[in-house]
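Residue-level listing of the chains:
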Amino acid sequence: MRILMRVTLPHDTFNAAVKDGSAGQKIKRILDEVKPEAVYFTEFNGHRTAMLIVDMTDSSQIPSFCEPWFLQFHADCESHLAMTPADLAKGGLDALGKKWA
């Protein structure tokens, strides 16, 4: 199943990694391990943020996706199920609408 991960990087820890030159190599190491389908970096609520799409086959994989961010940057991680349009179509919205109308 596809998971949308939002990783919020704290200013102090990430600033220190930028200043000592380790931020890029730490991010590369995490991404090489996690192997996301897609990853984007942005600002979210004033914080450096990474948005990743990962394919998770079992909930027991959550630590392997989040712990590197926790341990390297003291980051906050959120995980949300994500659907493609095809996934949504399989959800049976029309039938649910009739059932719950």
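Residues numbered from 1 in each chain as written. Predicted model: local features only at pLDDT ≥ 70, side-chain atom pairs only at ≥ 80, totals over all residues. Heavy atoms only, no water.

## Description of the pattern of salt bridges
Between side chains of opposite charge, a pair can form when the charged atoms approach closely. Going through the model one piece at a time under the given rule, you end up with 3 salt bridges. For Glu 78, the salt bridge identified is with Arg 6, shortest N-O distance 2.6 Å. Separated by 72 residues along the polypeptide, Glu 78 in strand E4 (residues 76-81) and Arg 6 in strand E1 (residues 2-9) bring together distant segments of the chain. When the shortest N-O distance is used, the salt bridge between Lys 28 and Asp 32 registers 2.7 Å. Pair noted here: Lys 28 and Asp 32 are both in helix H2 (residues 23-34), with a separation of 4 residues, about one helical turn. (Salt bridge = Lys/Arg side-chain N within 4 Å of Asp/Glu carboxyl O. Helix = DSSP H or I, 4+ residues; strand = E, 2+ residues; numbered from the N terminus.)

## Comments concerning the pairing of strand E2 (residues 38-44)
Bridge count for E2 against strand E3 (residues 47-55) is 7 bridges, and the pairing is antiparallel. When the bridges of E3 are listed, Thr 42 appears paired with Thr 49. Connecting the antiparallel pair E2 and E3 is a turn made up of 2 residues, with Asn 45 showing a positive phi of about 50°. (Pairing = 2+ DSSP bridges.)

## Overview of a nonpolar patch on the surface
A grouping of Met 83, Leu 88, Leu 93, Leu 96 and Trp 100 is seen on the molecular surface, where their side chains present a nonpolar patch of about 580 Å² in accessible area. In terms of residue count, the dominant contributor to the nonpolar patch is helix H5 (residues 93-100) (3 residues). Considering the arrangement of structural elements, one finds Leu 96 in helix H5. (Patch = residues over 30% accessible without salt bridge, like charges linked within 9 Å, V, L, I, M, F, W, Y side chains within 5 Å. Areas by Shrake-Rupley, 256 points an atom, 1.4 Å probe, with all protein chains shown as cover.)

## Some points on the packing of aromatic side chains
The final tally for this structure, using the stated rule, is 2 aromatic pairs. Where Phe 14 meets Phe 73, the ring centres are 5.3 Å apart and the plane angle is 45°; that geometry is what we call tilted. Highlighted residues: Phe 14 in helix H1 (residues 11-19) and Phe 73 in helix H3 (residues 62-73), separated in sequence by 59 residues. Each member of the pair, Phe 14 together with Phe 73, is buried. (Phe/Tyr/Trp six-rings, centres within 6.5 Å; stacked < 30°, edge-to-face > 60°. Buried < 20%, exposed > 50% of the residue type's maximum accessible area, 1.4 Å probe, protein only.)

## Thoughts on the environment of Lys 99
Mapping Lys 99 onto the fold places it in helix H5. You can call Lys 99 exposed: its relative accessible area is 62%. C-alpha separation for the pair Lys 99 and Asp 12, spaced 87 residues apart in sequence, amounts to 51 Å.

## Quick word on the sheet that holds E2
Pairing in this open sheet of 4 strands is antiparallel, and the strands run E2-E3-E1-E4 from one edge to the other. The open sheet has two edge strands with one neighbour each: E2 and E4. For this sheet, the mean inter-axis angle between neighbouring strands, taken without regard to orientation, is 20°. Strand direction decides the pairing type here: E1 and E4, joined by 6 bridges, are antiparallel. If you follow Val 7 over to E4, its bridge partner there is Cys 77. Contacts between H3 and the sheet are confined to E1, E3 and E4, with E1 contributing the most and set at about 5° to the helix. (Axes fitted to C-alpha atoms, helices over the stretch in contact; angles between N-to-C directions. Contact = heavy atoms within 4.5 Å.)

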